[in-house]
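Coordinate analysis (summary)
So you can see what is in the structure, the chains are spelled out below.
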Amino acid sequence: MKAATNSVSFTLNGEKKTFATSPDEKLLDLLRREGYRGTKYGCGQGTCGACTVIMDGRAVYACLLYAMQAEGRKVRTIESAGTFEKPNEFQKELIDAGAVQCGYCIPGIVMSATALMETEKDFSDEIAREYMDGNLCRCTGYEKIWIALRRTLDRKAAADAKPAAEKTTKRSSSKGAK
Amino acid sequence: MKLCEFIRPEKLSDARNALRKLGPKGMPLAGGTALHFMNTKTPGTAVDITRLGLSYIRQEAGAFVIGAATPLSDIQRYRSPRWSMHEICRRISTHQIRNVSTIGGNICRVFPWADLPVVLLAMNARMMIYTGKKKEDEVGADDFFASQPARRFAGGDLLTAVKIPFLKANHGFGSVKAARNAAAFSLVTVAALLELKDGRIQAARVAAGSAIPFPKRLRSVEAALIGNEAIPEVFRAAAAKATEDAKWCKQEGMSAEYIKDLAEVSLVDALERAAEFARGRTK
């Protein structure tokens, strides 16, 4: 790292942290030097998506953000998702679908999908594509990643619809009772 | 751009004062994505303008007012009956970029491939500029994009908002961005605003960018539209006039001749979309 002349404080994976940094340091470099190496350096110019993290609920490229821009924000990296022993639902689906070859793009893909699942209620193909359009995979041709994502989204949509449906039936039955 | 300092002013006036003092060394930073690609010899100071309350979309006196530091993704998600800005924002770069890039960043320093200047020219948008006075300057798109807007801001003045007039009854808007793939820079971007009356074109604003050195209105195309019926033959004839205003340049291995054809086809598409849009709008 270059001479640290500044400090930056933000919530990283739920923990408040302060780091010494320089004005010119990229958020990606800071994260990786602090040990958060799940976030990958791919192109370094905001094209490939391997460095995707979530800042204040939105997927962003850590390579195109100065670390100083994260001041006071909430940043989440792939380390906040599942672990090797306990992968999260989407990570499990990726494994089951055989969607991981070299694996370099996967942390970014998982983070973009997380932003999608946490922000949207409608998981139509159009919206899902929009959230995933900033992540490149050079191995799989996307097909298996897409299958894994679709399975996860469909299951989540069904689970989300269930309580709502239960509520509606309850309401309509109580109405009927009146 | 290499940064040697990063400051976070709390007020608009402080940001302007800092930028005035810094001169060419100072650089306002909102999304900051463009800064990473700017080659400057001397390191600069970033003046963070994301904490000044400049990120919003409001409706005021017949116009949508978009704060200068509003991310493109917010503009893309916004919906209202007289609004059509979401279309083009969806076509800009990738999801992650749209989450940080701002409308101000896209138009204050115009890169040849920028899409929003083209759309704002066609929409007749107005830019609000803070010059240190209580009342902000209001500059029309034609004036704002007459030359590189970055020059206007060299003295520390700041864009605060963009006003986009509501689409009135019988008005329609269409834009087309032609690119090699979804995330690529534009090869040609065109936009058209049409006002129809009894199937005839009453008024038109047509603009293009990317395949020409700087975005501009296509006044010969507009002249060929006004007074005529809104039908494909008229659109095709008008699009063919574009060469009178714009000298199409070759792009990414494609010849200038090909780009000219691409631009003309894109213009016809944009005009058809605008006419279709206008026909469906009776209030």
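Residues numbered from 1 in each chain as written. Chains lettered and ligands numbered in written order. Predicted model: local features only at pLDDT ≥ 70, side-chain atom pairs only at ≥ 80, totals over all residues. Heavy atoms only, no water.

1. Concerning the overall build of chain B
Within chain B, the secondary structure is distributed over ten helices and twelve strands. Its C-alpha radius of gyration of 19 Å places chain B within 12% of the 19 Å reference for a compact globule of 283 residues. With the C-alpha coordinates of chain B rotated into their principal frame, the extents come out at 55 × 45 × 30 Å. The burial tally for chain B puts 58% of its 283 residues in the buried class. A separation threshold of at least 6 residues defines the contact pool for chain B, and within that pool the share at least 24 residues apart is 63%. Total accessible area on chain B stands at roughly 12300 Å², and carbon and sulfur atoms take up 51% of it. Of the charged side chains in chain B, 42 are positive and 28 negative; the average position of the first set lies 5 Å away from that of the second. (Helix = DSSP H or I, 4+ residues; strand = E, 2+ residues; numbered from the N terminus. Rg over C-alpha atoms; globule rule 2.2 N^0.38 Å. Buried < 20%, exposed > 50% of the residue type's maximum accessible area, 1.4 Å probe, protein only. Contact = heavy atoms within 4.5 Å. Areas by Shrake-Rupley, 256 points an atom, 1.4 Å probe, with all protein chains shown as cover. Lys, Arg positive; Asp, Glu negative; His and termini not counted. Charge placed at Lys NZ, Arg CZ, Asp CG, Glu CD.)

2. With respect to the nonpolar core
Residues and elements named next belong to chain B. Counting 40 residues, the largest nonpolar core has Met127 and Leu159 as its most contacted members. With seven residues, the top contributor of residues to this core is helix α6 (residues 116–123). Once residues within four sequence positions are removed from consideration, Leu159 is found in contact with Leu54, Ala68, Gly104, Ile107, Cys108, Met127, Met128, Ile129, Phe144 and Phe153. The next biggest cluster of nonpolar side chains, apart from the first, holds 36 residues, and it includes Ala192, Leu194, Val234 and Ala242. (Core = buried A, V, L, I, M, F, W, Y, C linked by side-chain atoms within 4.5 Å.)

3. What about the packing of helix α2 (residues 89–96) of chain A against helix α3 (residues 106–119) of chain A?
Residue and element names in this part refer to chain A. One can describe the packing of α2 onto α3 by two numbers: an axis separation of 10 Å at closest approach and a directional angle of 130°. Comparing the axis directions of α2 and α3 gives the class oblique. Read as a crossing pair, α2 and α3 show a hand that is right-handed. Contact residues: α2 offers Phe90, Gln91 and Leu94, while α3 offers Ile106, Ile109, Val110, Ala113 and Met117. A breakdown of the residues in the contact of α2 with α3 according to their chemical character gives seven nonpolar, one polar and no charged. (Axes fitted to C-alpha atoms, helices over the stretch in contact; angles between N-to-C directions. Parallel < 35°, antiparallel > 145°, perpendicular 65-115°, else oblique. Left-handed = near helix turned anticlockwise from the far one by under 90°. Nonpolar A, V, L, I, M, F, W, Y, C, P; charged D, E, K, R; others polar.)

4. Side note on the pairing of strand β4 (residues 57–60) of chain B
Residues and elements named next belong to chain B. Relative to strand β5 (residues 63–67), β4 is paired through four bridges, and the arrangement is antiparallel. In the sheet register, Arg58 faces β5, and the bridge partner there is Val65. Taking the residues between adjacent antiparallel strands as the criterion, β4 and β5 are bridged by two residues, where Ala61 takes a positive phi near 40°. (Pairing = 2+ DSSP bridges.)

5. Looking at the domain arrangement of chain A
Residue and element names in this part refer to chain A. As far as domains go, chain A holds domain 1 (6–77) and domain 2 (89–170). Of note, the centres of domain 1 and domain 2, computed from C-alpha atoms alone, are 23 Å apart. Listed per partner, the contact involves 16 residues of domain 1 and twelve residues of domain 2. Across the domain 1-domain 2 interface, the total number found is one salt bridge. In this structure, the connection of domain 1 to domain 2 is made through five residue pairs in polar contact (both at pLDDT 80 or more). (Domains from an automatic or database assignment. Salt bridge = Lys/Arg side-chain N within 4 Å of Asp/Glu carboxyl O. Polar contact = N/O pair within 3.5 Å; in protein donor to acceptor, adjacent residues only side chain to side chain.)

6. Here's the deal with helix α1 (residues 12–22) of chain B
Because an α-helix packs 3.6 residues into every turn, residues spaced three or four apart end up facing the same way. Residues and elements named next belong to chain B. Among the residues of α1, those classed as buried are Leu12, Ala15, Arg16, Ala18, Leu19 and Leu22. For α1, the buried positions fall inside an angular range of 160° around the axis, keeping them on one side. Among the structural elements, β1 (3–7), β2 (26–29), β3 (44–48), β6 (126–130) and β8 (158–165) are those in contact with the buried residues of α1. Once α1 ends, the next one or two residues include Gly23, with phi positive near 65°. (Arc of directions from axis to C-beta.)

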